Structures are given as C-alpha cells and as structure tokens.
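Residue-level structure breakdown
Chain by chain, the residues:
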There are 2 protein chains.
Amino acid sequence: MSDTPDLLEQQDNIPDDGLATENPLLSALDLTNDDEFRIRLEGLHPADFSDFLEELNDAQREVLVMRAPALITGELLAELEDDVVEDVLPLLEPELIADALNELDSDDVTQIMEEMEAGQREDVLEAMEPLERAGVEASLAFDDETIGRLMQREFVSAPEFWTVGDTIDHMRDAGEDLPELFFNIYIVDPRLKPIGYVPVSKLMRAPRDTTLASLMDLKVFTIAQDVDQEEAAYLFEKYHLISAPVVDTQGRMVGMMTVDDILDIIQDENKEDFLALAGVSDAGITDTAFSTVRARAPWLLVNLGTAILASIVIARFDYAIEQIVALAVLMPIVASMGGNAGTQALTVAVRGLAERDLTKATAWRAVRREGVSAMIIGIIFAFALAGISFVWFGDAKLAGVAFVAMIINHTFAGLAGILIPLGLKRAGADPAVSSSVFVTTVTDVVGFAAFLGFAAAVLL
Amino acid sequence: MSDTPDLLEQQDNIPDDGLATENPLLSALDLTNDDEFRIRLEGLHPADFSDFLEELNDAQREVLVMRAPALITGELLAELEDDVVEDVLPLLEPELIADALNELDSDDVTQIMEEMEAGQREDVLEAMEPLERAGVEASLAFDDETIGRLMQREFVSAPEFWTVGDTIDHMRDAGEDLPELFFNIYIVDPRLKPIGYVPVSKLMRAPRDTTLASLMDLKVFTIAQDVDQEEAAYLFEKYHLISAPVVDTQGRMVGMMTVDDILDIIQDENKEDFLALAGVSDAGITDTAFSTVRARAPWLLVNLGTAILASIVIARFDYAIEQIVALAVLMPIVASMGGNAGTQALTVAVRGLAERDLTKATAWRAVRREGVSAMIIGIIFAFALAGISFVWFGDAKLAGVAFVAMIINHTFAGLAGILIPLGLKRAGADPAVSSSVFVTTVTDVVGFAAFLGFAAAVLL
C-alpha cells in the first residue's frame, strides 16, 4: 500500500502553517551519479514534481533540465505554471517536446504550445504527426481565453440508433483516439449536432441491446467555440456540469470541455479579479523585482493623480488649516473611513457581478440597501468621531463639523461603491479593474471637501 | 430539439452586460388560475428556477411558495443559496420536505438540513426513512466545513478479485442505492480501505472477464473525514481529481467527494478571501441594510482606531503644519501612495498563500523581491512627488523632504505587505482577514511620521 498517497499521511509533510518541507530536487542536484539522480526523481507525481521545480531559482532549474531532459514529460509540462513552462521550453530539443506532447490530450498540447517562441513552435509542429499538428494549428487560430483554444478535440459521440453493445464495441476498437478520461457519451444527429448525452455510469448498467435513444438525457448544454472561458465556466458552475460538447458555427460537435479544466479557469478568473481590485495587473511564481514594478506602477500612477486631486481640494482651504490646525489632524480620519467604507461596498458589488447575483432585477434593491446602510454606518461613526473630536480639542463646533462630514462622506462612499461598478459593467468595462480608482477619488475628494468646507463656513 | 438549451441560444437572453432579462416568476404570480400558474413554472430547469426565486423579494417569494409548495423540489432546494433556503423552509410542511429530500444524494440533504430550525429539523428527521435519517445525523455530527459534513455516503466499491462482469452485474442489481452519477469504482481491501480505483470509462471498455486488480490505478488519493474543506479542495485542484474516497479514522471508506461539490467549495473560499481583504465578514443575496451594517461596522471600527493613531502622529507635529501649511496639503499623498503600494503587496501575498505558491521555500525570494521592487517604485514616485512639490510650492527643501519620505514609506509598505501576512499565517491566523489593518496602520503612521518628522527637522 506504499503506493497509496493519502491526505492523512501527506499532512505529516505539510505543517499547519501551509509551508512545504524540504525540496527533494535540491538534494538530488547534489548527486554526481546521473543514474542515481534520475532514479531519485522518476517516482515523483507530476503535480509534486512541478511544485518542486517551480520552487527552484532559474539557475537551479536550468541545471536540472539540462542534466535530465527526459524527466520533462508531457504530464509535467501540463502541470507547470505558464511562466515556468516558458522558461523550460527553450532548454529542450523540438523532437523531445513533440514526443512529450504526444501522450497528452489536445487541450494540454495547445496550452503548452502557447508558451513557445515562434521559431521553436514551427520546429515542434514539424516534428508532430500531421493529424495532431492540424488540430493544434486549428486551436491556436482561436483567440486566447476562448473555448476553441481551450477545448480538447478528443471525445466520444454516437448516433441515437446505436445500442449500448455497439457503443461499447466501438470504444474497445477506438483505443488510442479516445480521450484519456470521459464521463459522458454525446449523442449526435446525422449533421453531428449534439442532441443528448448518456453518462458512462448509466450506459454501463444498461443491457447491451438497449438503444442510446432510450437512455439519453435531452438536456445537453452546448458551448460555442468562440465563447469566452468565463462564460463557459459560469455554465458549468450553474448547471453542475461534468463535461459539455463544444460546437462550431454550424452547430456541429468539434470538441469537449471537462470540469477539471473549468476548475483551472475559475481559479484564473478569481485570481484576476482579486489582484485587479488592488491594482495589480499580474503576479506569478517566477516574478522578478522588475516585472513586479511593471505590474504595479501603472495603478500607483493613477493613484498619484487622484491623490493630487484631493490635495488640490485641501489647498483650496489652506487658510482654514492655518487658523485651526486641528483640521489637518482630523481630516485624514474622515477620508480614511470613507475610503474603507467605499471599498467594502465596491468589493461586495464586484463579487456580486462576478457571481451574477447582482443582476438588473436585483440592482435597485442593492443600491437602496447600500444607501441606507451607508447612512446608518455614517451616523454611528459620526457620533464616534464627534465625541473624540470634542474630548481631544474641546470644541463643540469642530465636533459638529466632523459629525456632518462623516455622514456625508459615508453616504457618498456607499453609493459610489455600488453605482460605479454597475455603471462600468453596463458600459462594457471590467468593474474589478477600474472601479477602485473612481471610488477612492470620490471618497477622498468628498471627504476633504465636506470636512474643510463646512469648517470654513462654520468655524471662521 | 427544442429541449436542447445551448449557450448560443441562451446568449440571446443574457445581454452583454451580464444583467438578466425579465423574471418569468413575476409574470406567473399575476396568473389567477392555479393550474396555469403551476404549468408555467414546471418546465424551468432547477438552476434557473432558483436564480429567479432568489431575485424575488421576501413577500413575493412567500406568496409563490405558499401557492405551489409542490414546486419546491429537492433539486430546487439544493440549487438555492443558503440564506434563501433558510427563508423558504419554514413555509413548508415537514412531510413535503422529507419527500423532496428523498430524491437527493446525501451531501445535498445534509446541506439543506443545516439551514433548518432545530424544531423543524426534528420533524423532518422523524418523517424520513430510518436509514437515510441515520446517515444525515452522522453527517450533521461533523463540524461545519469538514469533509464528513460535505461528503456523499453513496459510492461504488468492489474487491480487487471481482471481474468487470461481476462489477457491472452488481451495479445493475444495486439500482437506487448507487450515487446519481459516479466516475470511478473504488477498489477496497477486506478491511474496506481504498487501495485503487478504476475509471468507469476504462471499466466499460475492458472484456467482462478482466479482473479489477489488473485494471486498477494504484494512485488513489483518500481524504480523512475530519479534514477541512479547503484542504480537500486543494487536493482536487492539484491532482486534477474527479472524485476521491473519504475514509474514517480506521482508514475505511465511508463516503465520496466529487469535483462538482469541490467547485462550490472553491467558490466559497474565494469569496471569503475576496470579501475578507476589504473587511467584509459576509455578503449574500438576501442581505438587508441591517445585516450589511453588521457585516461591515467591526472592520470600520478597527479602522477608526488606526486612523486615530495616524492622527496622533500628525498632532505631534502640529507646530510644523502651523508654520508650513503646504505640509498638510502634501502629507495625504505620501500616506495614500504607501497605503496603495502596501495593499498591492498584501494582495499578492494573500493570493500566493491561498494558492500555496508562497511557501517556506519561496518566502525568502518573495520578501527580497518585494523589498527591492518597493524601493524602485518608491524612487520613481519620489521623483514625481518632489517635482510636483517644487513646481507647486517653489521650495526645494520641501521637495527634498517629500522625496525622502516617499522612498521610506514605499519601502516599509512593500515589506509590511509581505511580512505581515507571512507572520499571521505562521501564527495560525487567516492572513486574508487580519492583514489589511496592520498594513494600513504601518503605511499611515510611517507615512505621516517620515514626512512631518523630516519636515520639522529640515525646514524649521
């Protein structure tokens, strides 16, 4: 049973803090005997091997790949993060890559080919079998992040008049050309349009002479090949699909998506939204300081612009600050509270849009809820800040100004937090990417203007 | 073929802005004839029906459920968001609920029972068949978010000496007791410990007299029933699993997890992290203004505390601001830039920890990268702010102060952004929930102190 990894045993290796233990590739690199070196690494699961390989630095990774290029199997390449694949591929011979890709389903092949330099890609395509090559070229012709690019071209389909016996015999003969794993048999009409499906677990239990027509479920969700990956992921999630047929513009079945690939898409989309909200355009395991700067500086530049806008508002009231320096002490509190409240509302709205909970039908209810709760929160913290101001500076009028400014800024923050992402979505922009700038600009400008403006009017 | 919904057709109903079209439940509610009313709604897919039901307000939903309780099927309940289930259940008779649950796999039943009031739960359990009841009670005995609570108790297992024919015959006989869908047959030893698996698509293609032992894959990943859902989701994602056996403390197989349920878990965990980073404890489709305030006020209270801390720093230098009011104009820029840079670093770190890219082995590299890139970014924007300050206020010394303060604050922001989540993770806290407070406190306090402190030293 030593071949049976299990989570209980595995947990001994992964301490509670989630940080992994020593990397076996590092100790293997010290071995001088090439055979020992290879034997040490051959037993690793591709998913573990890829994790360890990702942890090495560029130089270590290069030494390892050069010493034992045969260890870089197709399965390993399919497991590696895109940016690591990009680093490893140039170290390998085209023929070796073509061989490694031969064992994979077409969706994994396409994904790896994407990371190749144009020149190497040509050489690898040259080394492939003509049929496989044609499939890869067809996939690469589709846009990035569309289903045509991501689907696998291997699937099992059958006409509805076939019996269970026919289908099983057909599959026994087909052998190599079938997908590595599949869960549904798709029933297609004479024009190859999917009209139903039979789960494999159902087919297997039926007598051999049953026709597929009598077994099939008619509710088959098909995906057009030019559809965006996010759209397809939503369909899988909503209808709990395990696999779905992909069709061309004539409605003919040309491929299949399976839920394990959808899981990767969902994680990619989540990561994108997560980072976008903080103004980070990209982050990966091999990032250098330089690529980090490039991924973060643009949003900081925009933030510099909005911060200057807020400063201009402050400068308009410099005469008030000169006379009452307490204003300079308290104004960042008003702005900071509004900024945080706005970010809360914005985050809930962006998530609601991504999950499609926030729809045309529920938008009005959500706006009303944000408005009302922002006012309640504003009143609560207005009392808090007014109390603190009064105790600190002993000035009832100043406390009153803080009170009013807090309510105004919170109300604006809450409404901006929902209306701005809704508006951007409607205008066709990605609310996760661009909302933050607008919301913090509103909360900064309104916060400073309300507080200093009231102060100038009431206190001077 | 009108029974074949497809994404192409569906896209006509979902405009590009992702906002859904008119809700058919609303127009159905206007029908006075109860039969017409029922017929109108019966054809809806449970996933669509649940979406529409979620869009109604509480009063509309109650009218609909009271008029046609028979429409509330088990499948519909399984599709609804938890907080909507919680609202709908009290409107239904225990016997009707027990009937509805009867059609579901045990994992869905448990999930629905969780949302019931204790009294109703007793009544529904009473109305269930004894065997099903025992299963539900066993599941509910496990902690929330553990696999024992989430797994399904229906699965297919077989001893290794069985042939393909034995297995298929067994499944034909078992009928109702099998899971609705399954993808793997688990091979168990005489003590019921899983020792391998055979994908259904492989079993079906093999001759009837082949033994399972010769077909099975030995790399079976088992999950302990007391493991947290996040741990299980990670296993599925990393090893691209479609289903996995769940074992009790003696290693006996007691249930199964499938990838479609894992997808829901991953989305829940993503949502939790996403909201936590903005300081929102919970958000749902039925939120009222009151529950919104409750979910957001605690973090705003903490933020009020840290904002006051920053204000105290400002107050320490009030004499400098009194003399040079330009300091009050520029200081929010320094703080805001640092705050945003810190949030960027923090977001990347929290995501890296969640995806387990950021491990003990890569932590040092990440810290170094954040430190270096923070300094580079600091220098870039120090030049920008110094230039702006000089043009605006014509004071070279003031520009110099801004220059130095920006570099210091950015460097602190970058390091705090990575070291604080790493430290919290190591201390066993959830870095997504608590990091933000610490990071913004650091950037505010350091930002104001560096800028005003230098100004007081150099300019006065």
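Quick caveat, the model's predicted, so the values are computed rather than measured. (Residues numbered from 1 in each chain as written. Chains lettered and ligands numbered in written order. Predicted model: local features only at pLDDT ≥ 70, side-chain atom pairs only at ≥ 80, totals over all residues. Heavy atoms only, no water.)

**So, the overall build of chain A**
The condition is simple: Strands here are runs of E lasting at least two residues and helices are runs of H or I lasting at least four, both read from the DSSP assignment and numbered beginning at the N terminus. The globule rule is 2.2 Å times the number of residues to the power 0.38, and the radius of gyration it is compared with is taken over C-alpha atoms. Each residue is assigned to one of three classes by its accessible area relative to the maximum for its type, calculated with a 1.4 Å probe on protein chains only: buried under 20%, partly exposed between the two thresholds, exposed over 50%. Residue contacts are defined here by distance: any two heavy atoms, one from each residue, within 4.5 Å place the two residues in contact. Each accessible area value is a Shrake-Rupley result obtained with a 1.4 Å probe; residue values ignore everything except the protein chains displayed when judging cover.
In terms of helices and strands, chain A carries 23 helices and six strands. Computed over the C-alpha atoms, the radius of gyration of chain A is 30 Å, more than 25% above the 23 Å expected from 2.2 N^0.38 for a compact globule of 460 residues. Along the three orthogonal principal directions, the C-alpha set of chain A runs to about 90 × 65 × 45 Å. Taken over 460 residues, chain A has a buried fraction of 58%. Contacts in chain A between residues far apart in sequence, at least 24 positions, make up 66% of those at least 6 positions apart. For chain A, the exposed area adds up to about 18700 Å²; of that, 55% sits on carbon and sulfur atoms.

**Some details on the nonpolar core**
If you look at soluble globular proteins, the nonpolar side chains tend to sit buried side by side. Rules: Here the nonpolar core consists of buried residues drawn from Ala, Val, Leu, Ile, Met, Phe, Trp, Tyr and Cys, with membership extended through side-chain atoms lying within 4.5 Å.
Membership of the largest hydrophobic core comes to 89 residues, with the highest contact counts inside it found for I321, L327 and F451 of chain A together with I321 and F451 of chain B. With near-sequence residues (within four places) excluded, I321 of chain A lies in contact with I314, L327, A328, M331 and L452 of chain A together with I321, V325 and A328 of chain B. Counting 48 residues, the second largest nonpolar core, distinct from the first, contains I187, V188 and I195 of chain A together with L215 of chain B.

**Comments concerning the packing of helix α20 (residues 326–354) of chain A against helix α20 (residues 326–354) of chain B**
To keep it simple, the criterion reads: Helix axes are fitted only over the stretch in contact, all axes being lines through C-alpha atoms; the angle between N-to-C directions runs from 0 to 180 degrees. Relative orientations are named as follows: roughly parallel for angles under 35 degrees, roughly antiparallel for angles over 145 degrees, roughly perpendicular for angles from 65 to 115 degrees, and oblique for any other angle. It is the rotation of the near helix from the far one that decides the hand of a crossing: anticlockwise by less than a right angle makes it left-handed, clockwise makes it right-handed. Under the grouping applied here, Gly and all other residues not named as nonpolar or charged are polar, the nonpolar ones being Ala, Val, Leu, Ile, Met, Phe, Trp, Tyr, Cys and Pro and the charged ones Asp, Glu, Lys and Arg.
In contact at an axis separation of 10 Å, α20 of chain A and α20 of chain B are set at 20 degrees when each is read in the N-to-C sense. One way to sum up the angle between α20 of chain A and α20 of chain B is to call them roughly parallel. The crossing of α20 of chain A and α20 of chain B is right-handed. Along its contact with α20 of chain A, which presents A328, M331 and P332 of chain A, the element α20 of chain B presents A328, M331 and P332 of chain B. Looking at the contact of α20 of chain A with α20 of chain B residue by residue, the classes come out as six nonpolar, no polar and no charged.

**Some remarks on the packing of aromatic side chains**
Cut-off, in case you're wondering: Ring geometry is summarised as follows: Phe, Tyr and Trp rings, the Trp one being its six-membered ring, pair when their centres sit within 6.5 Å, and such pairs are stacked at plane angles under 30 degrees, edge-to-face over 60 and tilted between the two. In this scheme, Lys NZ or Arg CZ marks a charge over a ring once it lies within 6 Å of the ring centre and within 35 degrees of the ring normal.
Evaluated as defined, the whole model comprises eight aromatic pairs over all chains. Both rings, one in F221 of chain B and one in Y239 of chain B, keep their centres 4.1 Å apart while their planes meet at 25 degrees; by these two values the pair is stacked. With F221 of chain B in the loop between α15 (212–215) and β4 (223–224) and Y239 of chain B in helix α16 (residues 229–239), this pair connects stretches of sequence that are 18 residues apart. Judged by its relative accessible area of 7%, Y239 of chain B is buried. Directly above the ring of F317 of chain B sits R316 of chain B, whose terminal nitrogen or CZ lies 5.6 Å from the centroid. The ring of F274 of chain A is capped by R351 of chain B, whose NZ or CZ atom sits 5.6 Å from the centre of that ring.

**Observations regarding the sheet that holds strand β3 (residues 194–199) of chain B**
Residue and element names in this part refer to chain B. Counted only if it meets this: Think of it this way: DSSP has to see at least two bridges between two strands before they count as a pair.
Taken together, three strands build an open sheet; the order of strands is β1-β2-β3 and the sheet is mixed. Because the sheet does not close on itself, it has two edges, and the strands there are β1 (157–158) and β3. One ladder, built from two bridges, connects β1 with strand β2 (residues 184–188); its direction is parallel. By the bridge assignment for β2, A158 is matched with I187.

**A few points about the interface of chain B and chain A**
For the record, the criterion: Two parts placed together each lose some accessible area under a 1.4 Å probe, and the buried area is that loss summed for both. By salt bridge we mean one thing: a side-chain nitrogen of Lys or Arg within 4 Å of a carboxyl oxygen of Asp or Glu.
Chain B puts 141 residues into the contact, and the matching count from chain A is 140 residues. Here chain B and chain A share an interface that buries about 13000 Å² over both sides, 67% of which is from carbon and sulfur atoms. Three residues stand out in chain B for area buried against chain A, namely M204, R205 and F274 of chain B, and they jointly supply 6% of the buried area on that side. Counting across the interface, chain B meets chain A through six salt bridges. Between E370 of chain B and R296 of chain A there is a salt bridge, with the nearest N and O atoms lying 2.7 Å from each other. Its residues assigned to classes, the side of chain B that touches chain A shows 79 nonpolar, 27 polar and 35 charged.

**A look at the UniProt feature "transmembrane region" (unreviewed entry) in chain A**
Quick reminder of the rule: UniProt positions are given in the numbering used here, feature names are shortened, and annotations may be inferred rather than shown by experiment.
Residues given the UniProt feature "transmembrane region" (unreviewed entry) here are residues 299–317, 323–350, 371–393, 399–424 and 436–459 of chain A. For residues 371–393 of chain A, the helix share is 100%, the strand share is 0%, and the end-to-end C-alpha distance is 31 Å.

**Some words on a nonpolar patch on the surface**
Note the cut-off: Patch members must show over 30% relative accessible area and no salt bridge, and they are joined within 9 Å when carrying like charges or within 5 Å when they are nonpolar side chains of Val, Leu, Ile, Met, Phe, Trp or Tyr.
A cluster of nonpolar side chains, L309 and I312 of chain A together with W392 of chain B, forms an exposed patch at the surface whose accessible area comes to about 260 Å². In this structure, L309 of chain A sits in helix α18 (residues 289–316).

**A short note on a negative patch on the surface**
Residues and elements named next belong to chain A. We apply this condition: Counting rule for charge: Lys and Arg are taken as positive, Asp and Glu as negative, and neither His nor the chain ends is counted. A charged residue contributes its charge at one atom only: NZ of Lys, CZ of Arg, CG of Asp or CD of Glu.
A cluster of acidic residues, D82, E86, E117, E145, D228, E230, D264, D268, E272, D282 and D430, forms a negative patch on the protein surface. Ranked by residues supplied to the negative patch, first place goes to helix α17 (residues 259–277) with three residues. Among the structural elements, D82 can be located in helix α7 (residues 82–88). Accessibility expressed as a relative area gives 36% for D82, which makes it partly exposed.

**Re the side chain of T210 of chain A**
Residues and elements named next belong to chain A. Stated formally: Here a polar contact means two N or O atoms within 3.5 Å. Within protein one must be a hydrogen donor candidate and the other an acceptor candidate, and residues neighboring in sequence count only if both atoms are side-chain atoms.
Locating T210 in the fold gives a position in the loop between α14 (200–203) and α15 (212–215). A distance of 2.7 Å separates a polar atom in the side chain of T210 from the backbone oxygen of P207. For T210, the contacting residues outside a window of four places in its chain are W162, T163, V164 and L215.

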